[in-house]
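Residue strings, one per chain:
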Amino acid sequence: MSHLYLDEALELADAASGDLVRLGGDEARHAVTVSRVRVGEQLSVGNGRGVLATATVVETAPRELVLEVAEVRSTPAPSPRITLVQALAKGDRDELAVQAATELGVDAIVPWSASRSVSRWEGPKAEKGRARWASIVREATKQSIRPWMPEVAPLTSTAGLEALLDGARMLLLEPTATTPLTALDDDGRDFVLVVGPEGGIAPAEIERLVAAGAETVRLGDSVLRTSTAGPAAIAVLNARLGRW
């Protein structure tokens, strides 16, 4: 099984071996018409909320698959959680960060309109951009066969980031910081990683967030692209938190 099919409406939590479940909508259509799934094949299906099942296809239709469950696995939500605050960036660099972060196990993603962001989501473009990121997250969740699909929050401003400090440990990825990310200990709080745009996090933004309780940390001695910094930090935290 190299692919996961997601359907948030699937009732998998109480499913047992031998039960029949129905995969519908676009996922079923893709499975039948694009992936050419046939009766007798085994699939991995999930609801994006911690439950994955292996199942065998027993019936196909243009927009529906009937599956016989072989095994169900429930995975608790990770704790502490890791949230990535990704600044909007030009080109597809922010989207590359979102894709990689999802594959690496991030638990939530917040698009951030930083003062140095060249890209701007204004008016209807804000929801369109969020929906685009959510689509990227969904496909990356399926590709990596993750039981939990990260949520993509609405676009936020620097002022809105302060609300994320409530009960969480906010880490600003800043190349000039003196504290390396690898030196941090787990104090039980959730982590919020903040990644700036191409020009980095503006000094005024750093000052404001640090005054509210955030910490600045660095990743080694090199300066990483905005598309690389977040995923690299998530990898470090995965190792330090025992998630890997």
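Since the structure is predicted, the reported quantities are computational estimates derived from the model, not experimental observations. (Residues numbered from 1 in each chain as written. Predicted model: local features only at pLDDT ≥ 70, side-chain atom pairs only at ≥ 80, totals over all residues. Heavy atoms only, no water.)

This part takes up the layout of surface pockets. Unfilled space is identified by rolling a water-sized probe across the atoms. Taken as a whole, the largest pocket spans an internal volume of roughly 330 Å³. Taken together, 19 residues form the lining of the largest pocket, with Leu-173, Pro-175, Val-223, Leu-224 and Ala-229 sitting closest to its centre. Across the lining of the largest pocket, the residue classes tally to nine nonpolar, five polar and five charged. The volume enclosed by the second largest pocket comes to roughly 210 Å³. The wall of the second largest pocket is formed by Thr-75, Pro-76, Pro-78, Glu-103, Leu-104, Gly-105, Arg-146, Pro-147, Trp-148, Asn-238, Arg-243 and Trp-244. Looking at the lining of the second largest pocket, its residues break down into six nonpolar, three polar and three charged. (1 Å grid on protein atoms, 1.4 Å probe; cavity = no way out; pocket = protein on both sides within 12 Å on 5 of 7 lines; lining within 4 Å. Points joined across faces, edges and corners; volume = space filled by probe spheres on them. Nonpolar A, V, L, I, M, F, W, Y, C, P; charged D, E, K, R; others polar.)

Here we take up the packing of helix H2 (residues 93-103) against helix H3 (residues 124-144). Orientation of H2 relative to H3, taken along the N-to-C sense of each, is 35 degrees, at an axis distance of 8 Å. For the pair H2 and H3, the crossing hand works out as right-handed. The segment H2 lies against H3, with Asp-94, Glu-95, Val-98, Gln-99, Thr-102 and Glu-103 engaging Arg-132, Trp-133, Ile-136, Val-137, Ala-140, Thr-141, Gln-143 and Ser-144. Grouping the amino acids of the contact of H2 with H3 by side-chain chemistry returns five nonpolar, five polar and four charged. (Axes fitted to C-alpha atoms, helices over the stretch in contact; angles between N-to-C directions. Helix = DSSP H or I, 4+ residues; strand = E, 2+ residues; numbered from the N terminus. Left-handed = near helix turned anticlockwise from the far one by under 90°. Contact = heavy atoms within 4.5 Å.)

You can read the domains of the protein as domain 1 (4-74) and domain 2 (82-241). Taken together, the contacts link 11 residues of domain 1 with eight residues of domain 2. For the pairing of domain 1 and domain 2, the buried interface totals around 910 Å² over both sides, and the portion due to carbon and sulfur atoms is 57%. For the domain 1 face of the interface with domain 2, the top three residues by lost area are Leu-4, Leu-6 and Gly-48, together amounting to 48%. Summed over the shared surface of domain 1 and domain 2, the number is two salt bridges. Note that Glu-27 and Lys-142 form a salt bridge whose closest N and O atoms lie 2.9 Å from each other. (Domains from an automatic or database assignment. Buried area = accessible area lost by both parts, 1.4 Å probe. Salt bridge = Lys/Arg side-chain N within 4 Å of Asp/Glu carboxyl O.)

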